[in-house]
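Per-entry structural report
Each chain, letter by letter, is given below.
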Amino acid sequence: MSQKFKSPFVVRDGLDSDDSSGAISLREARRSAYSLPSTWLSGCLLFIVALTFNLYRIGTPSVWFDEAFSVELAGQPLPLLWRLVSTQEPNMGLYHLFLHGWLSVANAAGFLQTEAVVRLPSAIFAALGTVVVFLLGRRVRSNSAGIVAAALYLLNDWQLVYAQQARAYSLQVLLLCLSWYALLSVLARPRATKWYWLIYVSTSVLAIYTHLFSVVILGTQVLALAVVWLFPGLFATGEARKHLRSHIQVFLGCFSLVLLLSLPMLLLSRTADKTGWLPQARLSDLLYFWHSVSGNSKYYLLAMLAMLAIAVGLVFWSRLVAGRGQRVEEVESHVYYQTLWGWLLLCWLLVPIVSTYLISQGSIRLFSARYLIVVVPALTLVLAYVIGNIRWRLPRFGLVLVLLALAVMVVPFYYRSAQVEDWNSATAWVQEHFQDGDGMICYDNSVQQGCQVAVEYYLHAYPGPAHFEAGAPGEFSWENMGPARTAGPDEAVDPMALQTFASRHQRLIFIVGRLPDAAAANKTSIALNWLQSHYHLESSFQKRTVQVYLYTVR
């Protein structure tokens, strides 16, 4: 007699049910596998471990322009900051207001705005995000699955990048994870409490005000639940199907409330386009994203993609396997949680990637690896989801060890390559060589390039004699959120403006930062040739992204 093939995967739904039928009762779905103290202990330990990784060498890499822009913007007087975030710079507005408060507290406590100080909130937000990923994994599968998902998340190379940058991304991810947790908690109950809906609405609104890209993730929730609404038989049976559809109806009302409360941000985004710098999405950009989340490890990437393919198979086949051969009375009022959770996680992971890539083929540009940091929690949860469905304990344990080993191996490479731009040593060189009577000029000072903004961050973080004076060619103005004069940033490479400015100083310090294109590089070359022919080059400092030239005028 032939033996029936036994799948290596368990078709099992709920949190920790051993019911191999593929459907569990709603009462069992709500049951926790571990006690509350165990959950708190696991969460606290994960927070400490995550914070340790996030804080390691956090002050070593130089702040780069994007970080300097956020810190300098947040350091403006509150009335000016409010005007800027409510008109010209709405994206990340909530984060910049929070950072303003944090910097005020740090200054009152006597701390300078050093790299570690300005990045500390991001490290804490990321560590809290690790805890929420653990809670999500626990909700989706089990306590151990939550620990695996959280461990893979805190070790993820791309997550560490933004856990150690003074930008809004770690706060955004934390809020979106809380939004997903509230939503999944509602779906796991026959009657949702108002508190979960309140958490969902508040965190979703705050996520949008933290970063506008959050709308894509919240839209993904709508799309995923729309499929559940249209095909409820794939996810639940009997009365449970009615409860599920009832939850979705309430969800649509809450989502409408989220959009209503976010309307000011959505309207501002129409007049303050900030994605024009993004190019049309190419296949290389898609590959760059996957290489980033895998820490540029081809073995880790292959493991991720293989397990992602398995997850897709589990979602589409688990419902068919679960319902095969069951009597009607055995499946009344059940939710097929394996199918539901797997479907939601895959949507969270894949829909933002695919949709923004396709949209970015046109005039609207949304695809960016940095924006897609918001799907990294879903990626680690999908990996834990697959592991939790392996039938045999030894292969399951072995796969966990392999994934953790691959994740740990790429962490040292992140710390060695964390620096993006070295404004620190360049500004330190300027401080060392600056003398009374010297004049400083920066190029390019446009909002997108921000040479002066990056230098001024370090002048404020590590005070010294060097400073920019009013009237410098091409100077940047926060009041104007751009050039101080109509001549624009190119005034800094105008020989006539350079001559006029140099006539008032004994020496001239000319700083060249990020250049947007070949035309700007050509203007810089002309300006440097003019300076070389009229003044004596006393010294210079060269880095990949920053060059400093010190000229003696007379």
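These numbers were taken from a predicted model, which means no experiment stands behind them. (Residues numbered from 1 in each chain as written. Predicted model: local features only at pLDDT ≥ 70, side-chain atom pairs only at ≥ 80, totals over all residues. Heavy atoms only, no water.)

1. Things to note about the sheet that holds strand β7 (residues 507–512)
The four strands lie next to each other as β4-β7-β9-β8, forming an open sheet whose pairing is mixed. Strand pairing shows two members of the sheet lacking a second neighbour, β4 (438–443) and β8 (536–542), which therefore form its edges. Going across the sheet, the axis of each strand differs from the next one's by a mean of 15°, ignoring polarity. In this sheet, strand β9 (residues 547–552) lies alongside β7 in antiparallel orientation, the contact comprising six bridges. Of the residues in β9, the one forming a bridge with L508 is Y551. This element, helix α21 (residues 495–502), spans β4 and β7 of the sheet and lies at about 155° to β4. Contacting β4, β7, β8 and β9, helix α22 (residues 518–534) crosses the sheet at an angle of about 160° to β7. (Pairing = 2+ DSSP bridges. Helix = DSSP H or I, 4+ residues; strand = E, 2+ residues; numbered from the N terminus. Axes fitted to C-alpha atoms, helices over the stretch in contact; angles between N-to-C directions. Contact = heavy atoms within 4.5 Å.)

2. Describing the pairing of β8
Of the strand pairs in this sheet, β8 and β9 are connected by six bridges, and their pairing is antiparallel. By the bridge assignment for β9, S539 is matched with L550. Linking β8 back to β9 in an antiparallel pair, the connection comprises four residues.

3. Here we look at the side chain of S122
Tracing the sequence through the fold places S122 in helix α6 (residues 115–140). Under the relative-accessibility criterion, S122 is labelled buried at 0%. With residues up to four places along the chain from it excluded, the contact list for S122 reads Y95, Y162, A163, Q165, A166, R167 and S170. (Buried < 20%, exposed > 50% of the residue type's maximum accessible area, 1.4 Å probe, protein only.)

4. Let's talk about the side chain of Q76
For Q76, the location among the structural elements is in the loop between α3 (65–74) and α4 (78–85). Using a relative accessible area of 14% as the deciding quantity, one classes Q76 as buried. Sequence-distant contacts of Q76, defined by excluding residues within four places in its chain, comprise L81, H100 and W478.

5. Let's talk about unusual backbone geometry
Here the amide bond leading from Y443 into D444 is cis, since omega sits at 10°, within 30 degrees of zero. One can find D444 in the loop between β4 and α20 (451–461). Even without being glycine, M92 reaches a positive phi, approximately 65°. Following the sequence through the fold, M92 ends up in the loop between α4 and α5 (93–108). Owing to a relative accessible area of 3%, M92 belongs among the buried residues under this scheme. Backbone geometry places N296, a non-glycine residue, at a positive phi of 60°. Taking the relative accessible area as the measure of exposure, N296 reaches 62% and is therefore exposed.

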